[in-house]
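The primary structure of each chain is shown beneath.
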Amino acid sequence: MITPPEISWLAIAPDLALTLGAALVLLVDVQWKPVARVHAWVSGVTVAVAAGLTVAQWIQAAPADALAFSGLITMDGFAIFTRLVLIAATALGLAAGWRFVAGLGRRGAEAIALVLLATSGFSLMVASNNLVMMFMGLEVGSIALYVVAGLARERRESEEAAIKYFLLGSFASAIFIYGVALIYAGTGQFEIVGIRDLLAGFVVSSPAVIYIGVGLVVVGLAFKVSAAPFHAWAPDVYQGAPAGLVGYMATVAKVAGFAAIARILLTGVLDLSGSWLPVVAGISVVSMLLGSVLALVQGDVRRLLAYSGVSHAGFIMTGVVGGATDAVLFYLAIYAIQLIGAFAVVAVVAGPDAAGSSIDQYRGLGRRSPLLAGAFTVILLGMGGLPVTSGFVAKFGVFTGAWAEGYEWLVIVAVVATVVALAFYIRVIVVMYMDEAQEEGTLRIGPERWVLVLAVAATILWGIFPASLLDLAADALPI
Amino acid sequence: MLCSKSTLLVLLLAHAAAALGAPTLVSWLGRRAFLVLALVPGSAAAWALGQTAAVTSGEGPTMTLSWIPALGIDLAFRLDTLSWLMVLLVGGVGALVLVYCSAYFSPASGNLGRFAAFFVGFAGAMLGLVTSDNLVQLYVFWELTTVFSYLLIGHYTTRKSSRRAATKAILVTTAGGLVMLIGIVLIGDLSGTYSITDIVAAPPTGPVAVTAVVLLLVGAASKSALVPLHFWLPAAMAAPTPVSAYLHAAAMVKAGIYLVARLAPGYAGLEAWQLMILVLGGFSLVMGGYQALRQHDLKLLLAYGTVSQLGLLAILLGAGSRATALAGLALLGAHAMFKASLFLVVGLVDAATGTRDLRNLSAIWRRLPVTAVMAALAMASMIGLPPFAGFVAKEAALESLLHGGASPAWLDIALLVAFVAGSVLTVAYGLRLWWGAFATKATIPEIEPVRVIRPPLLLLAPAALLAVGGLAVAVLPGLGDQVLSPYANTYPAGEPGHLTLWPGLTPALVISLGMLAAGVGLFAIRDRVERWQATHQGPLDADNVYRRTLRGLDLFAADLTSLFQRGSLPFYLGIVLLMVVILPGGAMALGTSLPDRISLRGGVPQLLVGALVVVATILTVRSRRRLKAVILTGITGYGTAMLFFLYGAPDLALDQVLVETITLVVFVLVLRRLPAYFSNRPLAADRWVRLGIGIAVAVTVAGFAMVVPQARLEPPVSAALPQEAVAFGGGSNVVNVILVDVRAWDTMGEISVLVAAATGIASLTFLRSRTRDSRRPRDHVPGELPVLGLGDPDPMAPLRRPGTSSGSRSQEWLRGGRTLAPQRRSVVFEVTTRMLYHTMLVFAIWLLFSGHNAPGGGFAAGLITGLALAVRYLAGGRYELAEAAPLHPGLLLGSGLFLATGSGLIPILLGGEVLQTAIFDLTVPLIGEVHLITSTFFDIGVYLVVVGLMLDVLRSLGAEIDRQGEATGHDSDLVGPALEPAPPLRDRL
């Protein structure tokens, strides 16, 4: 006789809320065929409820309830913090993509449901203590994103983006689950905490199987976070997918992927760090340099942001190398907001469902729309990591983490990459302010406005007063 | 007096507030707003003046606030002598330049609000920089000044030169700043604190500390435009003149010098420090002066002069002895005044005449006499004429260098030589400046008097104040001595120096006079010097290096992009696979050994099957026809099934064979709408690379398979399964018991997914309602029934009896055959189908019920039923499918799911668990003993779901695509011409 496991509904309450919200959107759409505003309310309330439940988790969380569902799910600070970032990204992403969603007409409900489902999947992923559970979350999230990439059905670029993302992404998922299987073969455990305890308590006779497994898992997740050399899909997908939702797609995949990397490497197999540290450091170096250098020559702002995302993946990896979970979390939160903000600008300039966004469209933006250009400037400087922006604090955090771990050379490479990266951010700023506009006409800004306000506020306020978010990140420890 | 501690914070906030409010203020008051804004930096200077007594007595205000405790970074401010001096300069010059601005810009010029905001913001950042007592905080303000300076340099945004200049300035200085940041982190790591006071008090030592100091000096050099990082400064002259006067003379470029002065008390003794100071400072001093001599643009002349003077300041403040430091501090103040004044004067001349090219200016002194006098005063201070501040500072410097003392002798001599050479050059270019701007030149026509605009008082006063200030300060050298020496005396070595206006006839004075004479001489032969310079270009220009670096980086990036970002899916996948080989494969190669014994348990049959699979794989890769590739892939699948069989898993083998067959059918259905051949083959070299990657991946994965079993610690769970399957599941087919009993929950989930997938496929394919087109032939009015493929070429036509294409019902093997043109039909196929169909169904039912104990089960049975339907469809077309299964697939899917769920719930009614297996042994009349197991019903549910799925697949990918093909006139049975492959999204270069 099997006794049913203790069920802690709170542990999955945000994910449940998101899933139910997704279902509700679809049901409401089928039943009443309402105007977009109704969907906005439903999805808004869903996200708010999910956020509220996550905050409730934070308040409730005690070490005793950290594990739920027989160890499948955790409710540790790490999960809650990342989940909050994901939910915030969802809210911002929907706001940034709202004009696209509304423009889809009847299919708009699908887009909203997919976004909510993707978030619920990634949210489960960041909270899972079990590698198979993590895979489940990863797939729920990823598959929803593949579809989102192809939502602009009329455009071939969108279809190309979707199919590329799908094929390569499924392959990466397969590599991930292969790795999970091998980790299980080596440790007899799926639970990350269990793996940690096992490795701490015993000398494993044949660790090579675990090494292989960890290697495969790292490859699979490095793909998801678009770290080099697994990044090749990112520019094509970022360019082809609907402008309004790209920011969301890029952000949640990156946040969840890094949360998984941090949880597996820094909690699960920390005792084997000697074997994976050089690998992660290597991926970090390649990502930072390749991403920064390649971004220099991009004539399309979306591809530029994709490559900058590659370099950011490298920067975050330095935090993983340094074992600084809090710095990684802070970086993720900051980058999430900035990335969605940047793509909100793209959505305004290029149009919400456009493919690509040539840099020519940004010439003279400073005169066409000073506020938009100003917001983009702040966001770009934040991404570049200039002081008084939160990007600086984020970079400083991960760099000092790596430094303290004896990876000075990595930090030096990172600083070099930062300089190169600055060159292309500045290039965009120069184009915006110092070139004659090639296109005329006013730009329509919809709900993107709020995204930009928040992104700019987050970049500057957390740049000057980072302590509030840093303290939160410092409290958000994995179990 | 105000509480001095918080005043500084209030001042900083005032700057921020003023910067934010500046655009509004400008929109209200126009350019007069600058006068109001001048109060803000002015109040900072006034505050510093008010603190003079406290600072001199070493009790300047300090303040510490917690900022980022998580990273150990506080906000720390303090006002000591050095900061006091800098605040005075930053605030005082800032206020005067703002006053100047109010008259400099024409009321109509645009973007003034933004300009004012950035200007005041810059002043605030500078104030923060010079009062910071925390290295990280200093870095933050440091980069802030960079950003503001970028924005200010780029004020004339439409000029290409200012765009380049701004980019250059920000790139060089930020890069330098980041280098400095590494130094900061290094030094903070070593000493455990970022507090400047603490670090200088107890400077860490060792090679790491030396590296850190070198990095800090590189940062300082980039900011203070020291050779070889000086090239951004002349370019930055594209900025409006007030910006040049403030940023590039008084304030920003002093930040690096400030850092040198800050750290010198701790590190001036280091050999690396001395060498760096000598090289950076000495070269700047001489090369800047030399370059200044050849400039025709007055601003450029001043810019190179600034490079030269900054070099001198670096030498004096970095040399390490107290006396030179005192001289350096004095020169720091003097330079800010005379250089800012000179810039303002040049701006005046520019504004008045419309040019600042000295080849076009002649006899301006007559038009602008007051301006000319002011310029003369400032220039006198610059070249060190008594009784000006510049003279006092230089005399003190010369005196201290002559006495030497603390530093090694070679350094003293080298510094002295550089100093003398630099001073001679300074005299020469100083004279050239005044001469160029104001003197009457015989060869140049005068500018018409009417076109020279008399400067207003607001434009003149700031320049005059600064120029006269140089005189006023010098008159009270004792005061300067008293105020500045507290900081100079924190330097580790040497005698304290003194500032005097008239030192008497000392060797220093003699040398000074000599330098003056030499400078005047050099100025006198300026024509010859210019000619010589024109023929002797410098070999290495740092600006060129910068440009080439950027260009090279761009080209490199473009090459990399075209190499890696091809838009090719196989290429991307290849990279990922290669990494799988390298990373986990590497871990395997390094970490393990192959097992001792590898046994081929299957013996010869296994080898044969293996060989078959290998051959099929090779042929698959080589095939160019899609269909061929699919069939060959199928053979590898059947091979796998045979391997299962050889290992004693008939049930798995059966399922594998069926799945393989179904996949083949589905593939064929889909392939109808794809080109017959793959797109063009890649180039030969590419193919070899792909082959290599493929083989490497195969070897790696095979290696995994051999290595992994060694990790086994526990006996496999499968050992106990056969007994338990019978005992608890009531069946001897272990696989089936696992599916319907042990892991019934999983199966439950899987069939739900199947239902969803089936619905998904259908809804993707059916553009319209799903139910409409499942009509059977008999639902059509005779004569209206469409016939597929009538227009096809029919080589057999002459042989056909007319009128048999749709015979009577009794003659038909398949009813749907009527809907196909004769040339599309095959009698053999139709007859075979007729024979096989029911046999297959019976076989499926048999498999379904025997599955619990023998190979089979709901899944296999469902697949066979599906295959039977597929055969009907292939033989008789889409109407035949509707004939064979006049059901909506949804019905099958739904009832299957219902049955499975229901049979899972029944055990609850019997007091058991969900999905628990109950076994009934009943005696039924006529039939006899019946061994009834509840899980069988579950299996029937699975069966129905699988059949439903198959039907849905056939209806959507088969029949519906047929229908769409007919509707669009696109014959779906014919393979269309090869479509042009979509061009990949390539990077725009």
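Worth saying up front: this structure is predicted, and the values here are computed from it rather than measured. (Residues numbered from 1 in each chain as written. Chains lettered and ligands numbered in written order. Predicted model: local features only at pLDDT ≥ 70, side-chain atom pairs only at ≥ 80, totals over all residues. Heavy atoms only, no water.)

Caption draft 1: Main features of the overall build of chain A. The helix and strand tally for chain A stands at 20 helices and 2 strands. The C-alpha atoms of chain A give 21 Å as radius of gyration, which agrees with the globular expectation for 479 residues (23 Å, within 12%). The C-alpha extent of chain A, read off along each of the three principal axes, is 70 × 60 × 40 Å. The buried share of chain A, taken over its 479 residues, is 69%. Summarising the internal contacts of chain A: among those between residues at least 6 apart in sequence, 82% fall at separations of at least 24. Surface exposure of chain A reaches about 14600 Å², of which carbon and sulfur atoms provide 69%. (Helix = DSSP H or I, 4+ residues; strand = E, 2+ residues; numbered from the N terminus. Rg over C-alpha atoms; globule rule 2.2 N^0.38 Å. Buried < 20%, exposed > 50% of the residue type's maximum accessible area, 1.4 Å probe, protein only. Contact = heavy atoms within 4.5 Å. Areas by Shrake-Rupley, 256 points an atom, 1.4 Å probe, with all protein chains shown as cover.)

Caption draft 2: A look at the pairing of strand S2 (residues 73–78) of chain B. All names here are of chain B. Of all 6 residues making up S2, 5 are buried, and the element is well covered by its neighbours. In the sheet, strand S1 (residues 62–68) pairs with S2 via 6 bridges, with the strands oriented antiparallel. By the bridge assignment for S2, Ile68 is matched with Ile73. The antiparallel pairing of S1 with S2 creates a hairpin that spans 4 residues between the two strands, and Gly72 there sits at a positive phi of about 70°. (Pairing = 2+ DSSP bridges.)

Caption draft 3: Geometry of the packing of helix H5 (residues 108–127) of chain A against helix H6 (residues 131–149) of chain A. All names here are of chain A. Their axes nearest at 7 Å, the elements H5 and H6 cross at an angle of 155°. By the angle between their directions, the pair H5 and H6 is classed as roughly antiparallel. The element H5 and its partner H6 pack so that their crossing is left-handed. Between H5 and H6, the residues in contact are Leu114, Leu117, Ala118, Gly121, Phe122, Leu124 and Met125 and Met133, Met134, Gly137, Leu138, Val140, Gly141, Ser142, Ala144, Leu145, Val147 and Val148, respectively. Per-class residue counts for the contact of H5 with H6 are 14 nonpolar, 4 polar and no charged. (Axes fitted to C-alpha atoms, helices over the stretch in contact; angles between N-to-C directions. Parallel < 35°, antiparallel > 145°, perpendicular 65-115°, else oblique. Left-handed = near helix turned anticlockwise from the far one by under 90°. Nonpolar A, V, L, I, M, F, W, Y, C, P; charged D, E, K, R; others polar.)

Caption draft 4: Structural detail: the pattern of salt bridges. All names here are of chain A. Evaluation of the coordinates by the stated rule reveals 17 salt bridges over all chains. Between Asp360 and Arg363 there is a salt bridge, with its nearest N and O atoms 3.0 Å apart. For Asp360, a relative accessible area of 25% gives the class partly exposed. (Salt bridge = Lys/Arg side-chain N within 4 Å of Asp/Glu carboxyl O.)

Caption draft 5: Spatial organisation of the nonpolar core. By size, the foremost hydrophobic cluster in this structure holds 432 residues, and its most contacted members are Tyr362 of chain A together with Tyr246 and Trp273 of chain B. In terms of residues, this core owes the most to one element, helix H14 (residues 325–350) of chain A, which gives 22 residues. When residues are assigned to domains, this core turns out to be shared by domain 1 (2–524) and domain 2 (532–565) of chain B, each giving three or more. Sequence-distant contacts of Tyr362 of chain A, defined by excluding residues within four places in its chain, comprise Val301, Val345, Val346, Val349, Ser357, Phe376, Val431 and Met432 of chain A. Ranked by size, the runner-up nonpolar core spans 46 residues in total, among them Met748, Ala861, Leu867 and Phe938 of chain B. (Core = buried A, V, L, I, M, F, W, Y, C linked by side-chain atoms within 4.5 Å. Domains from an automatic or database assignment.)

Caption draft 6: A look at the packing of helix H17 (residues 390–404) of chain A against helix H18 (residues 408–434) of chain A. Residues and elements named next belong to chain A. Where H17 meets H18, the axes come as close as 7 Å, and the angle between the chain directions of the two elements is 155°. Comparing the axis directions of H17 and H18 gives the class roughly antiparallel. The two elements H17 and H18 meet at a crossing, and its hand is left-handed. For the pair formed by H17 and H18, the contact residues are Lys395, Phe399, Ala402 and Trp403 on the first element and Glu408, Leu410, Val411, Ala414, Val415 and Thr418 on the second. When the residues that make up the contact of H17 with H18 are grouped by side-chain class, the tally is 7 nonpolar, 1 polar and 2 charged.

Caption draft 7: Representation of helix H27 (residues 626–646) of chain B in the model. Residues and elements named next belong to chain B. With 21 residues, H27 extends 30 Å between its outermost C-alpha atoms, agreeing within 8% with the 30 Å of an ideal straight helix rising 1.5 Å per residue. Buried residues of H27: Arg626, Ala629, Val630, Leu632, Gly634, Thr636, Gly637, Gly639 and Ala641, and no others. Residues of H27 that are buried make contact with helix H26 (603–622) and helix H28 (650–671). Backbone geometry just downstream of H27 places Gly648 in the positive-phi region, at approximately 85°. (Expected span 1.5 Å × (residues − 1).)

Caption draft 8: Looking closely at the confidence of the model for chain B. All names here are of chain B. When pLDDT is averaged along chain B, the result is 81; 89% of the residues meet or exceed 70. Within chain B, the element-level pLDDT minimum falls on strand S4 (residues 928–933), averaging 70, and the maximum on H27, averaging 91. Across residues 972–989, where pLDDT falls below 50, the model places 41 contacts with residues more than four positions away in sequence or in other chains. The ipTM, which scores confidence in the relative placement of chains, is 0.89 for this predicted complex, and the corresponding pTM is 0.84. (pLDDT = per-residue confidence, 0-100.)

Caption draft 9: Layout of the domain arrangement of chain B. Once the domains are mapped, chain B shows domain 1 (2–524), domain 2 (532–565), domain 3 (601–679) and domain 4 (728–779 + 813–972). Inter-centroid distance (C-alpha atoms) of domain 1 of chain B to domain 4 of chain B is 87 Å.

Caption draft 10: Spotlight on the interface of chain A and chain B. Of the residues lining the interface, 77 residues belong to chain A; the matching set on chain B comes to 68 residues. Of the roughly 6300 Å² buried where chain A meets chain B, counting both sides, 77% is carbon and sulfur surface. Counting every contact that joins chain A to chain B gives 1 salt bridge. Joining chain A to chain B, the criterion identifies 3 residue pairs in polar contact (both at pLDDT 80 or more). Its residues assigned to classes, the side of chain A that touches chain B comprises 53 nonpolar, 13 polar and 11 charged. (Buried area = accessible area lost by both parts, 1.4 Å probe. Polar contact = N/O pair within 3.5 Å; in protein donor to acceptor, adjacent residues only side chain to side chain.)

Caption draft 11: Representation of unusual backbone geometry. Residues and elements named next belong to chain A. Look at the link from Ala228 to Pro229: it is a cis peptide, with omega at 0°. Relative to the helices and strands, Pro229 is located in the loop between helix H9 (207–224) and helix H10 (233–240). Backbone geometry places Lys33, a non-glycine residue, at a positive phi of 45°. Phi is positive for Ser70, which is not a glycine, with a value near 50°. Summarising the element assignment, Ser70 is placed in the loop between strand S1 (67–68) and strand S2 (73–74).

Caption draft 12: Quick peek at the environment of Pro41 of chain B. Residue and element names in this part refer to chain B. Inspection of the secondary structure assignment puts Pro41 in helix H2 (residues 33–50). C-alpha of Pro41 to C-alpha of Val185: the two residues are 144 residues apart in sequence and 31 Å apart in space. When near neighbours in sequence (up to four residues on either side) are disregarded, Pro41 contacts His15, Gly91, Gly94, Ala95, Leu98 and Ala123.

Caption draft 13: Just the side chain of Thr82 of chain A, in detail. Residues and elements named next belong to chain A. Inspection of the secondary structure puts Thr82 in helix H3 (residues 77–96). Reaching out from Thr82, the side chain makes a polar contact with the backbone oxygen of Phe78 at a distance of 2.3 Å. Discounting chain neighbours no more than four positions away, the residues touching Thr82 are Val126, Val255, Ala259 and Leu329.

Caption draft 14: Looking closely at the packing of aromatic side chains. By the definition in use, this model includes 30 aromatic pairs over all chains. Ring centres 5.8 Å apart and planes at 40° place the aromatic pair Phe115 of chain B and Phe119 of chain B in the tilted group. Residue Phe115 of chain B and its partner Phe119 of chain B are both found in helix H5 (residues 112–131); the two are separated by 4 residues, about one turn of the helix. The rings of Phe34, Tyr100, Tyr104, Phe105, Phe115, Phe119, Phe122 and Tyr246 of chain B are connected pair by pair, giving a single aromatic cluster. If you follow Lys395 of chain A out to its NZ or CZ, it ends over the ring of Phe315 of chain A, 4.6 Å from the centre. The side chain of Arg872 of chain B reaches across the aromatic face of Tyr837 of chain B, ending 4.6 Å from its centre. (Phe/Tyr/Trp six-rings, centres within 6.5 Å; stacked < 30°, edge-to-face > 60°. Lys NZ or Arg CZ within 6 Å of the ring centre and 35° of its normal.)

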